[in-house]
Amino acid sequence: MKIKTKIEKVKIDYKGKKVTANKLTITSEIPIDIDTAWSKVQTSALLNFVTKGKVRFKPTGGEFPKIWKEGNTVTTKMLVYGCIPFGGLHSLYFEKIDDKNKILKTQEWDDAAKVWNHKITLKKITDFTIMYEDEIVIYGGILTGLITWWAKSFYRHRQNRWQLVAKELVIG
């Protein structure tokens, strides 16, 4: 499986100022039908599975909702590698869940990553293969480069874990 990665500098507004952020784009093909993939993208169970080994979430409300809802905000503590607290409380605002175009967008932030805007896009290639894309705009002041470096590894890990999801569905 080939994962494509691209990082580019972009200008964004942050608290009334123009700042330079990084836009990280990670894409891969996943052998899964688009409707199954889309239904999984909208669940907290998938988030917990694909992030396992890199991040563990401890939602402030006890548990994440089973299904993400557009317009909702959830907060969580993030434990990098399962045990290292990072960024304080991390907030995820579900800006858009577009069933027709298979796009899920969040605006996220915490003490370190001031901006972590994530867009997931699914595109059908064949009846049993999709193109999966994570696009993340990251701004963390002087930590932007370090956060982007870690995010690159994190999203490659997530997409590798997606391959396990697809394989389990074929075997299961």
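The text that follows walks through the structure, step by step, so that each part is easy to find. Within each chain, residues carry numbers counting from 1 in the order of the written sequence. Totals for whole chains, interfaces and linings use every residue, but because this is a predicted model, local features are given only for residues with pLDDT of at least 70 and side-chain atom pairs only at 80 or more, for both listing and counting. Computation of side-chain values: all heavy atoms of the structure, hydrogens and water removed.

Moving on: the overall build of the protein chain. Only DSSP runs of H or I reaching four residues or more are called helices, and only runs of E reaching two or more are called strands; each is numbered from the N terminus. Check the secondary structure of the protein chain and you find three helices and eight strands. Over its C-alpha trace the protein chain gives a radius of gyration of 16 Å, about what one expects of a compact globule, namely 16 Å for 172 residues. Each principal axis of the C-alpha distribution contributes one length, and for the protein chain these read about 45 × 35 × 30 Å. Counting across all 172 residues of the protein chain, residues that qualify as buried make up 46%. The contact rule is simple, with two residues in contact once any of their heavy atoms fall within 4.5 Å. Summarising the internal contacts of the protein chain: among those between residues at least 6 apart in sequence, 53% fall at separations of at least 24. With the model as given, the accessible surface of the protein chain reaches about 9400 Å², and the carbon-plus-sulfur share is 54%. Only C-alpha atoms enter the radius of gyration, while the globule expectation follows 2.2 Å times N to the 0.38, with N the number of residues. Accessible area is worked out with a 1.4 Å probe on protein chains only. A residue is then buried under 20% of its type maximum, exposed over 50%, and partly exposed in between. For the area figures, the Shrake-Rupley method with a 1.4 Å probe applies, and any residue is considered shielded solely by the protein chains shown.

Moving on: the pattern of salt bridges. What counts as a salt bridge is simple: a side-chain nitrogen of Lys or Arg found within 4 Å of a carboxyl oxygen of Asp or Glu. Under the counting rule described, the total for this entry stands at six salt bridges. The partner of K23 in a salt bridge is E8, and the shortest N-O contact between them spans 3.8 Å. Remark: E8 occurs in strand 1 (residues 3-14) and K23 occurs in strand 2 (residues 17-30); sequence separation between them is 15 residues. Between D127 and K124 there is a salt bridge; the shortest N-O distance is 3.0 Å. The same class applies to D127 and to K124, which are both exposed. Connected through salt bridges with shared partners, the residues K6, E8 and K23 form a single ionic network.

Before going further, it helps to examine the pairing of strand 6 (residues 103-109). Here seven bridges tie strand 5 (residues 84-98) to strand 6, and the two strands are oriented antiparallel to one another. Bridging across to strand 6, F94 finds its partner in T106. Here the rule is simple: two strands pair whenever DSSP picks up at least two bridges between them. What sits between strand 5 and strand 6 in their antiparallel hairpin is a turn of four residues, with K102 showing a positive phi close to 55 degrees. Pairing between strand 6 and strand 7 (residues 115-126): six bridges, direction antiparallel. Within the sheet, the bridge partner assigned to L104 lies in strand 7 and is I120. The antiparallel pairing of strand 6 with strand 7 creates a hairpin that spans five residues between the two strands.

Next up on the list: the environment of T129. Following the sequence through the fold, T129 ends up in strand 8 (residues 129-139). T129 gets classed as buried once you look at its relative accessible area, which sits at 18%. Sequence separation between T129 and A166 is 37 residues, and the spatial gap between their C-alpha atoms is 9.7 Å. Sequence-distant contacts of T129, defined by excluding residues within four places in its chain, comprise E29, I30, P31, I32, K123 and K124.

On to the packing of aromatic side chains, then. The pairing test for Phe, Tyr and Trp rings, Trp by its six-membered ring, is centres within 6.5 Å, and the orientation test on the planes gives stacked under 30 degrees, edge-to-face over 60, and tilted for anything in between. Overall, the coordinates contain eight aromatic pairs when judged by the stated rule. Measuring from centroid to centroid gives 5.2 Å for F64 and W68, while their planes differ by 70 degrees, and the two rings are edge-to-face. The two residues F64 and W68 agree in class, both being buried. Counting every residue linked through ring pairs, the aromatic cluster contains F57, F64, W68 and F94. Charge-over-ring contacts are defined here by two conditions on Lys NZ or Arg CZ: a distance within 6 Å of the ring centre and an angle within 35 degrees of the ring normal. In this structure, R161 is placed above the aromatic ring of F49, and the distance from its NZ or CZ to the ring centre is 4.0 Å.

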